[in-house]
Amino acid sequence: MGPRRVHTKSRTGCQSCKLRKVKCDETKPKCKNCIRHGVECDYNSLPPAARTPTPRPHTGLSPFISEAARQNCDANAPSMGMAEMALLHHYSISTCYTISRHPVLQTVWQTTVPAFGFSYQFVFRGILALAALHLAHLKPELEDQYVDAAEFHHNLALQMVSGTILQINAENGPAVYLFSTITSIIGCALPRKRHDLSVSTDRIIQWLSLFRGTVSIIASVNEALKSSPLAPMFTLGRRRSLAWEARSTANQTFLINLRRLIQEAVEDPIELKCYIDAVDNLGKSFGTIFEVGPQNCETADIFIWLLRITDQFLDKLQQRTPEALVIFGYYCVILKELEWAWWMQGFSIHVIRAIHHHLGEEHRCWLQWPMQQLGWVP
């Protein structure tokens, strides 16, 4: 006689219906039987892995979450389960080490950041979303499942943080800053649509706007951040910033050529200054890479240019003026130096491909140097 087969039945419906031995219609967020009997329905509290995966159409409505995840998410956060604990465990033993190569900052991301998550659930959900995307990267055969989980947790976090942002203060400021930083990383890590270049450009600009939003957060609660458990981030960041300011921009022929092209093309003096300032700051970032070497570049060395560009330049980028797009194309060479991190892998090529798509033939010629440095051919 062969081994006896054990038939298992997957968990469906809510616990209340099971106790009453009635069929659950599985309506979200509450099934009709529970509404009729006036009892709490736990169907929507099942962990994401236990639910039927939701399709993930990328509508361009947001660079971070799909419309399906937005519609499918209950404003009341579901309870934590084993799936969430597994994501937290993965973050603690792996993901936290992939955000920075500096040992002090790795410790902050491993121990301090989760501590904020225990006080602010939007930070906790952001951590889970980031861990899920990391697992999607490590386990491509389960990519859809983990990306669905990431979108689910991040959408919950966005709902939770919306009111806090409007009332940011010295107490909650560090948590809001953390969530903004995590969301910026998530914006880089989410799967990218290669062929939908118009939507890709929208997402890149929205990601840049979000990243720039951290500047406002820092400005509003600067002293609180410096005295918070996140202080090591800002102490080290300040040192890198001072070093960046002092970098030599000599012998950067490629930027000399770029300045000349911009000066010949732009007549308005205010607009011209906006572009030249952005190029000058690029020189400091390239100077940092040349001086300390790619292996010693920190995340702050790469992103400082984004924090130093003016709102006027960001406006020009949103308007897709060719000069602003080309300058951002040069910045892609700097972004490439951060591709040791899984969440940045392929991002520089993704950006320059979208930029090339929006440029005319004349300005595509301006992109020749960064395209060569990245090894990308249209």
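Computed from a prediction, not measured in an experiment: that's the story for all the values here.

Chemist: For this particular structure, what's the right way to read helix α4 (residues 82-93)?
Modeler: What sets the pattern is the α-helix's 3.6 residues per turn: residues three or four places apart point alike. The first and last C-alpha atoms of α4 sit 16 Å apart over 12 residues, in line with the 16 Å expected at 1.5 Å per residue. Listed as buried for α4 are Glu-84, Leu-87, Leu-88, His-90 and Tyr-91. The arc that holds the buried residues of α4, viewed along the axis, is 160°, so those residues lie on one side. Every exposed residue of α4 that faces more than 90 degrees away from the buried side is listed here: Met-82 and Ile-93. In this fold, the buried residues of α4 make contact with α5 (103-119), α6 (121-138) and α7 (143-166).

Chemist: In this structure, what is going on with the confidence of the model for the protein? I would like to understand it.
Modeler: Low pLDDT means the predicted atomic positions in that stretch should not be read closely. Confidence in the prediction of the protein, expressed as mean pLDDT, is 82, and 78% of residues score 70 or more. Contacts for the low-pLDDT stretch residues 1-11, under 50 throughout, to residues beyond four places or in other chains number three contacts. Per-residue pLDDT stays below 50 along residues 45-75; that stretch engages in 71 contacts with residues further than four places along the chain or on separate chains.

Chemist: How should I be thinking about unusual backbone geometry in this particular structure?
Modeler: Note: most residues except glycine have negative phi, and most peptide bonds are trans. Even without being glycine, Asn-251 reaches a positive phi, approximately 60°. Positive phi, close to 60°, is recorded for Arg-320, a residue that is not glycine. Secondary-structure assignment places Arg-320 in the loop between α15 (311-318) and α16 (322-335). Arg-320 sits in the partly exposed class, given a relative accessible area of 26%.

Chemist: Would you explain the packing of α5 against helix α8 (residues 173-189) in this entry?
Modeler: What describes two packed helices is the angle between their axes and the distance between those same axes. Between α5 and α8, the shortest axis-to-axis distance is 10 Å and the interhelical angle comes to 120°. Judged by the twist between their axes, the crossing of α5 over α8 is left-handed. Between α5 and α8, the residues in contact are Trp-109, Val-113 and Phe-116 and Pro-174, Ala-175, Leu-178, Thr-181 and Ile-182, respectively. Residue composition of the contact of α5 with α8, grouped by class: seven nonpolar, one polar and no charged.

What counts and how
Residues numbered from 1 in each chain as written. Predicted model: local features only at pLDDT ≥ 70, side-chain atom pairs only at ≥ 80, totals over all residues. Heavy atoms only, no water. Helix = DSSP H or I, 4+ residues; strand = E, 2+ residues; numbered from the N terminus. Expected span 1.5 Å × (residues − 1). Buried < 20%, exposed > 50% of the residue type's maximum accessible area, 1.4 Å probe, protein only. Arc of directions from axis to C-beta. Contact = heavy atoms within 4.5 Å. pLDDT = per-residue confidence, 0-100. Axes fitted to C-alpha atoms, helices over the stretch in contact; angles between N-to-C directions. Left-handed = near helix turned anticlockwise from the far one by under 90°. Nonpolar A, V, L, I, M, F, W, Y, C, P; charged D, E, K, R; others polar.

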